[in-house]
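Descriptive analysis of the structure
One letter stands for each residue in the lines below.
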Amino acid sequence: MSAMLSSTIPAQAAHHHELDIVRQAGHIGAEVRGVRLSGSLQPEVFGAIKAALLKHKVLFFRGQQHLDDAQQEAFGRLWGELVPHPTVPSRDGTRLLELDSRHGGRANSWHTDVTFEVAYPQVSILRAVVIPAYGGDTVWANTVAAYESLPDDVKALADRLRAIHGNDYDYAATRSPADLDEEGTKRYRDVFTRRLLEAEHPVVRVHPETGERSLVLGHFVKRLAGHSTHDSGHLLNVLQSHVHRLENTVRWRWAQGDVAIWDNRATQHYAINDYGDQHRVVRRVTIAGDVPYGVDGAKSVDLTAPAVRAAEAARAVA
Ligand SMILES: O=C(O)CCC(=O)C(=O)O
Ligand SMILES: [Fe+2]
C-alpha cells in the first residue's frame, strides 16, 4: 500500500519545503514568515532557509522571542562550527558576541565581519535583545550585485587586486571626535585590537557555494597589496561606492525578538548610530568560514605574525 501511495506523491515533495518569503528590496533581503527557529528544525526547512539565504543574501525572521542564548547557539550549529570573536570576549559561557550601545558596541561603518581573519565567518546570525524606540536600524549591501554592476574593464582590474585587512583599521576615519572621546568606545577599541590580526584577500572572491563573484572590502581593509595607501584609497573608493549604492541595499527596522541571518561572503552591513543614549543590545553568533580564493584560484593568506598566532592557539586551548 505504501508503495502505491508514495508513487502518487511527486518525488520532490518529500525533500522540498516551501517557505513564506517576502522580499524587502529589489536586490537584497527577504523576510521569512511562519518559521520558529531552533536547533531542531526539520532538515528540509533548514535546507530551504539555506537556499533562500544564498539567493537573498540576508534573511529576517520576526517574533523569535523564544530564543535564548543557548537556543541561538543551537540554531547556529545547524550551519557549522560556531567561532567566537578572536579578540572580543564572548558572553559568559557562550560563543556569543554581545554588542551593547552602552559599551561601545556601535558598528556604524560598512564592513564584512572579521575579514582580518584568513578564513573569516561564512554566516552571521544576529538577535535583537533590546531595541530603541526609534533609530538603530541596520543596512545590508549585496557585494555580488556590486561586482556585477562594475564596468567590464573595472571588473578585470578588480579581479587581479588583493587587499590587506587588519583589526587595527583606521577607526578615526569615519568616527566623529565626540564618538572617539567616549570612554566606552575607547575601551572597546583597546580590547578589539589587543593583538594585531591581518590577512590578505583577493578583492574579488568566488563564492564556494554559488560560484558568484563578490567584492571583499569593508572597514578592515588597510590598503591594496602592491599599491601606496594613497592610490589604494582612491581605487577602494571606486569599488566601495558600488557596494553601498542605495539600490544595492536593504534596511531593517528592528523589533525585539527579530533575527537576521546574512551570508558574510556576499554582503556588507552598517548599524546606523542615530539613537543617541537609548539602550540597544544585539547578540551574534558567527559560523566558521573557509579560506577565500580569487578568480585565478589564488587563496587568501594569513599575515598574522606567527608569535601572535601561537599565543592565540595557546589561549584557545587554555
Ligand atoms: O548592531 C547591528 O545591528 C549589527 C552589528 C554588527 O556589525 C554585527 O553584528 O556584525
Ligand atoms: Fe558586523
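The structure under discussion appears in the preceding block.
The structure reproduced in this document is the subject of the present report. Just so we're clear, the structure is a prediction, and the values are computed from it rather than from any experiment.

The rules behind these values
- Residues numbered from 1 in each chain as written.
- Chains lettered and ligands numbered in written order.
- Predicted model: local features only at pLDDT ≥ 70, side-chain atom pairs only at ≥ 80, totals over all residues.
- Heavy atoms only, no water.
- Pairing = 2+ DSSP bridges.
- Helix = DSSP H or I, 4+ residues; strand = E, 2+ residues; numbered from the N terminus.
- Axes fitted to C-alpha atoms, helices over the stretch in contact; angles between N-to-C directions.
- Near = heavy atom within 4 Å.
- Polar contact = N/O pair within 3.5 Å; in protein donor to acceptor, adjacent residues only side chain to side chain.
- Nonpolar A, V, L, I, M, F, W, Y, C, P; charged D, E, K, R; others polar.
- Buried < 20%, exposed > 50% of the residue type's maximum accessible area, 1.4 Å probe, protein only.
- Salt bridge = Lys/Arg side-chain N within 4 Å of Asp/Glu carboxyl O.
- Core = buried A, V, L, I, M, F, W, Y, C linked by side-chain atoms within 4.5 Å.
- Contact = heavy atoms within 4.5 Å.

So, the sheet that holds strand 1 (residues 20-23)
One open sheet accounts for seven strands, arranged 1-2-3-13-5-15-4; its pairing is mixed. Each edge of the open sheet is held by one strand with a lone partner, namely strand 1 and strand 4 (97-100). Each adjacent strand pair in this sheet contributes to an overall mean axis angle of 25 degrees, direction not counted. Bridge analysis of strand 1 against strand 2 (residues 30-33) gives four bridges, and the strand direction is antiparallel.

A look at the site of ligand 1
Residues in close proximity to ligand 1 include Leu99, Ala107, His111, Asp113, Leu126, Thr138, Trp262, His269, Ala271, Arg280, Val282 and Arg284, which together make up its full environment. Here His269 contributes a side-chain N or O atom positioned 3.1 Å from an oxygen atom of ligand 1. Here Arg284 contributes a side-chain N or O atom positioned 2.7 Å from an oxygen atom of ligand 1. Elements that contribute at least two residues to the shell around ligand 1 include exactly strand 14 (267-271) and strand 15 (281-287). Taken together, the residues of the shell around ligand 1 break down into six nonpolar, three polar and three charged.

So, the environment of Gly104
Here Gly104 lies in the loop between strand 4 and strand 5 (123-130). Note on Gly104: relative accessible area 6%, which makes it buried. Put simply, Gly104 and Val144 are 40 residues apart on the chain and 30 Å apart in space, counted from C-alpha to C-alpha.

Re the sheet that holds strand 8 (residues 198-202)
Overall, antiparallel pairing links the four strands, which are arranged 11-7-8-16 in an open sheet. With partners counted over all chains shown, the strands left at the sheet margins are strand 11 (221-224) and strand 16 (301-302), one partner each. The pairing of strand 8 with strand 16 spans two bridges and is antiparallel. Bridged to Glu200 within strand 16 is Val301.

Re the pattern of salt bridges
Scanning the model with the defined rule gives 20 salt bridges in all. Glu212 is the partner of Lys57 in a salt bridge, and the nearest nitrogen-oxygen pair spans 2.7 Å. Within this pair, whereas Lys57 is found in the loop between helix 2 (43-56) and strand 3 (58-61), its partner Glu212 is found in the loop between strand 9 (204-206) and strand 10 (213-215), the two being separated by 155 residues in sequence. Its relative accessible area of 3% is what places Lys57 among the buried residues. Look at Glu212 and you get partly exposed, because its relative accessible area is 25%. Taking the shortest distance from any N to any O, the salt bridge between Arg91 and Asp69 comes out at 2.8 Å. Of the two residues, Arg91 sits in the loop between helix 3 (69-77) and strand 4 while Asp69 sits in helix 3, which places them 22 residues apart along the sequence. Looking at Asp69, the relative accessible area reads 14%, which means it is buried. A single network of salt bridges, built from pairs that share partners, joins Asp69, Arg91, Glu98, Arg127 and Arg283.

Notes on the nonpolar core
A general feature of soluble globular proteins is that nonpolar side chains tend to end up buried together. With 25 residues, the main nonpolar core has Val35, Leu37, Ile49, Phe61, Trp79, Ile125 and Ile261 as its most contacted residues. For this core, the elements supplying multiple residues, two or more each, are strand 2, helix 2, strand 3, strand 5, strand 13 (259-263) and strand 15. The leading source of residues in this core is helix 2, at six residues. Contact partners of Val35, with chain neighbours within four places excluded, come to Leu19, Leu41, Val45, Ile49, Phe61 and Gln64.

Let's talk about unusual backbone geometry
Even without being a glycine, Lys57 presents a positive backbone phi close to 75 degrees. Positioned with a positive phi, Val114 is a non-glycine residue whose angle comes to about 60 degrees. Structurally, Val114 can be placed in the loop between strand 4 and strand 5. Judged by relative accessible area, which is 6%, Val114 ranks as buried.

By themselves, these observations are geometric and do not establish any function.
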